[in-house]
Amino acid sequence: MTSRTFRLDGPFRIDRLVEFEGPFRSATHLFPPATEAEVRATATARDPRFYDLERDLLVMAFHALLVRTPTHTLIVDTCLGNDKSRPKVPEWNQRSGAFLEDLTALGVRPGDVDYVLCTHLHADHVGWHTRLVDGRWVPTFPRARYLFARREIDHLRARVRQEGPMVHHGIWDDGVQPVLDAGLAVLVEDGVHEVVPGVSLHPAPGHTPGTVMVRLDDGRHVAWLIGDVVHHPIQVERPDWFSRFCDDPTGACASRGRLLELVADTDMRLIPAHFPAPTSVRIRRDASGYRLDTD
Ligand SMILES: [Zn+2]
């Protein structure tokens, strides 16, 4: 499986570094409230970009987002990573993808990255936080400041202490602790936080307690890089469908509802962590709720 890159519509320059894209899991597996009949009744299920109707599978992507402002280079969510032991998810396990080569092809070396932002601490969002060098996990981006929501770090640390190191596939040991040890982590308190001009973090708790969204604003255009606040286009039609990976389903639905309300019928773009191409979308209101505008 080779990685690929796509430039996205939005403010600044945004490139998507894709580690996986294709039919992945069934909607009823990912979204416990959904029934097969309800899934098939959605408009999303009839859109082959987002749904494989023959096999009843959601089309999903796993990608990192490279953002270049006039002054800074940032990576938002670092996807799956190479060499990580993820035996419960074959598509994530012991990967050897071309992520770093793709980054170089976009004109960015790891040492050029100023900030690594993380919407939340799940294994498909911190993969390239580290890489394996001589048997040790080291930060992939040696000059970067790695921002985490303090609430998110505290929550995962507490769970690992209680339940052991394999919480969320072992990401504390192979993706978080090495960054803390290297002194590159910056913990961000609750509330809106400006990272650099035009880039800010905004809390959206529910999927995890410390989930944040990244707002990009170049003065003309706005985009929200929202991680898993909306996992899949089908949740634009059915914002009431929480995922099986949400810590607080009610909170997750509330954060999704607030976001859709905020951006509906505006020019603001949503760039979620798992939307397949075209990935950068707008939201419109219609008679039954919301729908995607992919133009
Ligand atoms: Zn995710």
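Here, every reference points to the structure presented above.
Residues numbered from 1 in each chain as written. Predicted model: local features only at pLDDT ≥ 70, side-chain atom pairs only at ≥ 80, totals over all residues. Heavy atoms only, no water.

1. Description of the coordination of the zinc ion
At step 1: Within the protein, the zinc ion binds to Asp124 (OD), His125 (NE2), Asp228 (OD) and His274 (NE2); these donor distances fall in the range 2.1 to 2.2 Å.
At step 2: In this structure, the zinc ion is coordinated by 4 donor atoms arranged in irregular fashion, with angles at the metal of 86 to 160°.
At step 3: Each donor residue of the zinc ion belongs to the same chain, with the gaps between them written as D-H-x102-D-x45-H. A residue pair is termed long-range when its members are at least 10 positions apart, and Asp228 in the loop between β14 (222-227) and α6 (234-237) and His274 in the loop between β15 (269-272) and β16 (282-286) qualify at 46 residues.
At step 4: The class for Asp228 is buried, based on a relative accessible area of 4%. (Donors = N, O, S within 2.8 Å, 3.2 Å for Na, K, Ca; no water. Tetrahedral: all angles 85-135°; square planar, octahedral: opposite > 155°, others 65-115°. Helix = DSSP H or I, 4+ residues; strand = E, 2+ residues; numbered from the N terminus. Buried < 20%, exposed > 50% of the residue type's maximum accessible area, 1.4 Å probe, protein only.)

2. Looking at the packing of aromatic side chains
At step 1: According to the stated counting rule, one finds 5 aromatic pairs in the structure shown.
At step 2: Pairing Phe24 with Phe62 gives two aromatic rings, centres 5.0 Å apart and planes at 70°, and the pair type is edge-to-face. Of this pair, Phe24 sits in strand β2 (residues 13-25) while Phe62 sits in strand β4 (residues 57-68), and the two are 38 residues apart along the sequence.
At step 3: Classification of Phe24 as buried rests on a relative accessible area of 11%.
At step 4: An aromatic cluster is present here, built from Phe20, Phe24, Phe62 and Trp92 joined pairwise through their rings. (Phe/Tyr/Trp six-rings, centres within 6.5 Å; stacked < 30°, edge-to-face > 60°.)

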